[in-house]
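# Geometric and topological summary
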Amino acid sequence: MVLIAAVQPFAPALPAAWPGWAQQALASPSLLPEISHATGGAFHLLHPQTFAANLGAFQAVSARTGGTVYFAKKANKAAAWLTVCAERGAGVDAASVPELREALRCGVPGQRVVVTGPAKSDELLLLACRAGALVAIDSLDELERAVALADGEAALRVLFRVHPPRQPNSRFGMAVPERQAALVRIGQFRGRIVLEGFSFHLSGYDIASRAELAGELIAECLAARARGHRADTISIGGGFPVRYVEAEDWARFQSEFRPEQCHARKTFSDGFYPYHCDEPGARALEKILAHQADGAALEQRLAAAGIALSVEPGRALLADAGISVFPVQGFKWREAAPNEHAGGYGIATVAGTSLSLSEQWFGSEFLPDPALWPTTQHRQITPTCVGGASCLDSDMLTWRKVPLPRPPKRGDFLIYPNTAGYQMDSNESSFHDLPIPPKAVVDFSGAEPRWSFEEKP
């Protein structure tokens, strides 16, 4: 006889480590209801002080090479982060005219902006040139347009974006022959185009790959310098991991999670973001600088060549700096009646939609468990999936049967942790004419929590 182990009727718990400010928000009896009354729906809370602490950690490491930390603005649209960048001497990574304008409006000098993205518009290139921004040139034809737009009054500062040999299917960057042709071309425009170095971005979070490619580009900088170019900077982009959950919980989830633990036996063919890492944020940058090659650490090789290492983190700067709050509109049981719910599960419907948790964009799911507010001392494990307020059957914020401590009810809140990095507004939509969840900046420095709506540009 073959014995088949029973599958747990709900998904393994993935509790997040809630930062102190978020714990204060949940502990306040009035803060969330007050903001909910003002918004009438879902909303996000932002904590710029946490962003500032993350930024300071990156700046401390990057300063060892003379590099700049550029906040990747695409990770979150709020202006609050840009104000911190302006105050703390950090840069901003902008990839559109509105992003560049917003950085300048918030007080970030143009000289501390790097403009990225493929096939930039002439308007973006011209504004970057006028503002003194640094532009990552992605192709030869983009270089030709940049040359035509640079008028000589303000030289256009550029990096050549490298097509990563370790990721040959990437659509970004220039291969070696293209970079060589680009070097020849800008040599004809001394004073109008200034080559400050090279940049790249790698998908994934592998530390060794970033360190190795940065090390290889040292020689390319020196070769460009020998031809009379400045070439004293390498920007390695972003891709610094964030620790959302602890190692033990992540390992258990990966080993125990099954489709049966999801509504409609949902599967995720592309897998999940790596929600635990041993070296998050600025510690990953330290590991990159410490990576050994040719008998020396990357940091030592950069120093010997007089090259600064810049970075463009987004998610890692926003770690623990925001949470998302969804009012519960209703709850129903599935697979069992309310009085016989052992083995059954419920579906909570919330104000808002799954488009405000952007892992859905990637056919995946945001995994850290939401918290149910108000909290309760009495625990009645209630496997619960979370659906959005739209008429689409696939509008699910959480397909998993998350073990909530009690059945949620209308008037409760489901609060998702650590959502500032990409989750809040990368894929938001006003489907059904529902409002896009607003952002509120919270401050716990006084006797009582204070909040204000994030300003609109």
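What counts and how
Residues numbered from 1 in each chain as written. Predicted model: local features only at pLDDT ≥ 70, side-chain atom pairs only at ≥ 80, totals over all residues. Heavy atoms only, no water. Phe/Tyr/Trp six-rings, centres within 6.5 Å; stacked < 30°, edge-to-face > 60°. Helix = DSSP H or I, 4+ residues; strand = E, 2+ residues; numbered from the N terminus. Buried < 20%, exposed > 50% of the residue type's maximum accessible area, 1.4 Å probe, protein only. Expected span 1.5 Å × (residues − 1). Contact = heavy atoms within 4.5 Å. Domains from an automatic or database assignment. Polar contact = N/O pair within 3.5 Å; in protein donor to acceptor, adjacent residues only side chain to side chain. Pairing = 2+ DSSP bridges. UniProt positions renumbered as here; feature names shortened; annotations may be inferred.

The final tally for this structure, using the stated rule, is 20 aromatic pairs. Seen in terms of ring centroids, Y244 and Y273 are 5.5 Å apart; in terms of plane orientation they differ by 85°. Their pairing is edge-to-face. Here the residue Y244 occupies a position in the loop between β8 (233–235) and α10 (247–256), and Y273 occupies one in the loop between α10 and α11 (282–290), the gap between them amounting to 29 residues. The residues Y244 and Y273 share a single accessibility class, namely buried.

The first and last C-alpha atoms of helix α9 (residues 207–226) sit 30 Å apart over 20 residues, in line with the 28 Å expected at 1.5 Å per residue. All of the buried residues along α9 are S209, R210, A211, L213, A214, G215, L217, I218, C221 and A224. For α9, the elements touching its buried residues are α8 (176–186), β7 (193–199), β8, α11, α12 (298–305) and β11 (308–310). Positioned one or two residues after α9, G228 has a phi angle of 95°, which is positive.

This paragraph deals with the domain arrangement of the chain. Accessible area lost upon the coming together of the parts is a frequently used measure of interface size. Along its sequence, the chain is organised into domain 1 (20–46 + 322–453) and domain 2 (48–242 + 277–317). Taking only C-alpha atoms into account, the centre of domain 1 sits 36 Å from that of domain 2. Linking domain 1 with domain 2 are 3 residue pairs in polar contact (both at pLDDT 80 or more). It is strand β18 (residues 439–443) that contributes the most residues to the side of domain 1 that touches domain 2, 4 residues altogether.

In this section: the pairing of strand β19 (residues 450–453). Alignment of β18 against β19, held across 4 bridges, turns out to be antiparallel. In the strand pairing of β19, D443 is matched with R450. What sits between the antiparallel neighbours β18 and β19 is a turn of 6 residues.

For the rest of this paragraph, the subject is the environment of A52. Inspection of the secondary structure assignment puts A52 in helix α3 (residues 48–62). The buried category is assigned to A52, whose relative accessible area is 7%. Those residues in contact with A52 that sit more than four places away from it in its chain are V84 and R88.

Attention now goes to the UniProt feature "modified residue: N6-(pyridoxal phosphate)lysine" (unreviewed entry) in the chain. UniProt annotation of "modified residue: N6-(pyridoxal phosphate)lysine" (unreviewed entry) refers to K74 when read in the numbering used here. Along the polypeptide, K74 turns up in the loop between β2 (70–72) and α4 (80–88). Residue classification places K74 among the partly exposed residues on the basis of a relative accessible area of 42%. Setting aside its immediate chain neighbours within four residues, K74 contacts D93, E99, Y422 and S426.

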